[in-house]
Amino acid sequence: MEYFLIIVSAIFVNNILLAQFLGICPFLGVSSRLSTATGMSGAVCFVITLATVVTYLLNRYVLMPFGLEFLQTIAFILVIAALVQMVEIVLKKVSPSLYKALGIFLPLITTNCAVLGVAITVVSKEFSFGDAPAHLMGLAESTVYAFATSVGYGLAMILFAGIREHLELNNVPKAFRGLPIALITVSIMAMAFLGFSGIV
């Protein structure tokens, strides 16, 4: 039940884009086409989940035992940058079309504050419940939270991309075309997601 609450909370109630406003730059930049938004969501999902696991282990078994918690931010940024480079190399070989479509936005995952935000949130929350050892349950819960958060990121991005594609077919007033109507759409989506706040 606890895992279910973590998943629902991370995807709908505390959506990283629409409630915490992290990762807005790639969200607005890549969401003009559904195909690129889906590819970016997958890349961000992979990077957030893997980065959270690696940074959690790094923090617990390297930084904390040696009293180096003050290096958290720098260490986490280095880990995230390395993981993004790995994703970039894999995408270039596996899906060159998606690699070209993402263009400059793929390196932007390195500076995507959503990835760093989730890693720091997991470390500060220190999930633990049940009779299992705290470090095992903490890692399992942290991984579930990170994956659910990245799914929430992807869901918001894909929904927004679909809406933007439909907006291009409508007669939007000239003053609202482009970014203004996109920001209005995001604000309405944020209010819609706010309706889930009573669930958890």
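Predicted, not measured: the structure shown is a model, and the values here were computed from it.

Thresholds applied
- Residues numbered from 1 in each chain as written.
- Predicted model: local features only at pLDDT ≥ 70, side-chain atom pairs only at ≥ 80, totals over all residues.
- Heavy atoms only, no water.
- Helix = DSSP H or I, 4+ residues; strand = E, 2+ residues; numbered from the N terminus.
- Rg over C-alpha atoms; globule rule 2.2 N^0.38 Å.
- Buried < 20%, exposed > 50% of the residue type's maximum accessible area, 1.4 Å probe, protein only.
- Contact = heavy atoms within 4.5 Å.
- Areas by Shrake-Rupley, 256 points an atom, 1.4 Å probe, with all protein chains shown as cover.
- Lys, Arg positive; Asp, Glu negative; His and termini not counted.
- Charge placed at Lys NZ, Arg CZ, Asp CG, Glu CD.
- Axes fitted to C-alpha atoms, helices over the stretch in contact; angles between N-to-C directions.
- Parallel < 35°, antiparallel > 145°, perpendicular 65-115°, else oblique.
- Left-handed = near helix turned anticlockwise from the far one by under 90°.
- Nonpolar A, V, L, I, M, F, W, Y, C, P; charged D, E, K, R; others polar.
- Core = buried A, V, L, I, M, F, W, Y, C linked by side-chain atoms within 4.5 Å.
- Phe/Tyr/Trp six-rings, centres within 6.5 Å; stacked < 30°, edge-to-face > 60°.
- Polar contact = N/O pair within 3.5 Å; in protein donor to acceptor, adjacent residues only side chain to side chain.

Q: Can you help me understand the overall build of the protein chain in this one?
A: Looking only at helices and strands, the protein chain has 8 helices and 0 strands in total. Helices and strands in the protein chain line up, N terminus first, as α-α-α-α-α-α-α-α. Scaling as 2.2 N^0.38, a compact globule of 200 residues should have a C-alpha radius of gyration of about 16 Å, and the protein chain matches this with 18 Å. Projected onto its principal axes, the C-alpha coordinates of the protein chain cover approximately 60 × 45 × 30 Å. Looking at the 200 residues of the protein chain, the share that counts as buried comes to 42%. Considering only residue pairs separated by 6 or more positions, the protein chain has 76% of its internal contacts joining residues 24 or more positions apart. Summed over all atoms, the accessible surface of the protein chain reaches about 10,300 Å², with 72% contributed by carbon and sulfur. One way to put it: in the protein chain the 9 positive side-chain charges average out to a point 20 Å from where the 8 negative ones average out.

Q: Any chance you could explain the packing of helix α3 (residues 34–63) against helix α4 (residues 72–94) here in plain terms?
A: For any two helices packed against each other, the geometry comes down to the angle between their axes and how far apart the axes lie. One can describe the packing of α3 onto α4 by two numbers: an axis separation of 9 Å at closest approach and a directional angle of 140°. By the angle class used here, α3 and α4 are oblique. Crossing angle aside, the handedness with which α3 passes α4 is right-handed. Where α3 abuts α4, its residues Ala43, Phe46, Val47, Leu50, Ala51, Val54, Thr55, Leu58, Asn59 and Leu63 lie against Gln72, Ala75, Phe76, Val79, Ile80, Leu83, Val84, Met86 and Val87. Looking at the contact of α3 with α4 residue by residue, the class counts come to 16 nonpolar, 3 polar and no charged.

Q: Would you take a moment to explain the nonpolar core for this structure?
A: Formed by 48 residues in total, the largest nonpolar core has its most connected members in Leu18, Phe27, Phe76, Ile109, Val115, Val118 and Tyr153. Those elements that provide at least two residues to this core are α1 (2–13), α2 (24–30), α3, α4, α6 (113–125), α7 (134–167) and α8 (179–194). Tallying contributions element by element places α3 first for this core, with 9 residues.

Q: Sorry if this is basic, but what is going on with the side chain of Ser41 here?
A: Looking at the secondary structure, you find Ser41 in helix α3. Judged by relative accessible area, Ser41 falls into the buried class, the value being 5%. Setting aside residues no more than four positions away along its own chain, Ser41 makes contact with Gly154, Met157 and Ile158.

Q: Just to check I follow, could you spell out the packing of aromatic side chains for this structure?
A: Here the distance between the centres and the angle between the planes together describe a pair of aromatic rings. Taken as a whole, this structure holds 4 aromatic pairs when the rule is applied. Ring geometry for Phe12 and Phe196: centres 4.8 Å apart, planes at 35°, overall tilted. Of the two residues, Phe12 sits in helix α1 while Phe196 sits in the segment after α8, which places them 184 residues apart along the sequence. On the basis of relative accessibility, which here comes to 29%, the residue Phe196 falls in the partly exposed class. Each ring, one from Phe27 and one from Phe160, has its centre 4.7 Å from the other, and the planes form 25°; the classification is stacked. Of this pair, Phe27 sits in helix α2 while Phe160 sits in helix α7, placing them 133 residues apart in sequence. Assigned by exposure class, Phe27 and Phe160 land together as buried. These aromatic residues form a ring-pair network of at least three members: Phe12, Phe193 and Phe196.

Q: It is not clear to me how the packing of α4 against α6 should be interpreted in this structure. Could you clarify?
A: In the contact formed by α4 and α6, the axes pass within 10 Å of each other and the chain directions differ by 130°. It follows that α4 is oblique to α6 by the angle criterion. Here α4 runs over α6; the crossing is right-handed. Across the interface between the two elements, Gln72, Thr73, Phe76, Ile77 and Ile80 of α4 pack against Val115, Leu116, Ala119, Ile120 and Val123 of α6.

Q: Looking at this structure, how should I read the side chain of Ser31?
A: Mapped onto the elements, Ser31 comes out in the loop between α2 and α3. Polar side-chain contacts of Ser31 include one of 2.6 Å to the backbone oxygen of Phe27. Once you skip the residues sitting within four places of it in the chain, Ser31 turns out to touch Pro26, Ala37, Met157, Phe160, Ala161 and Arg164.

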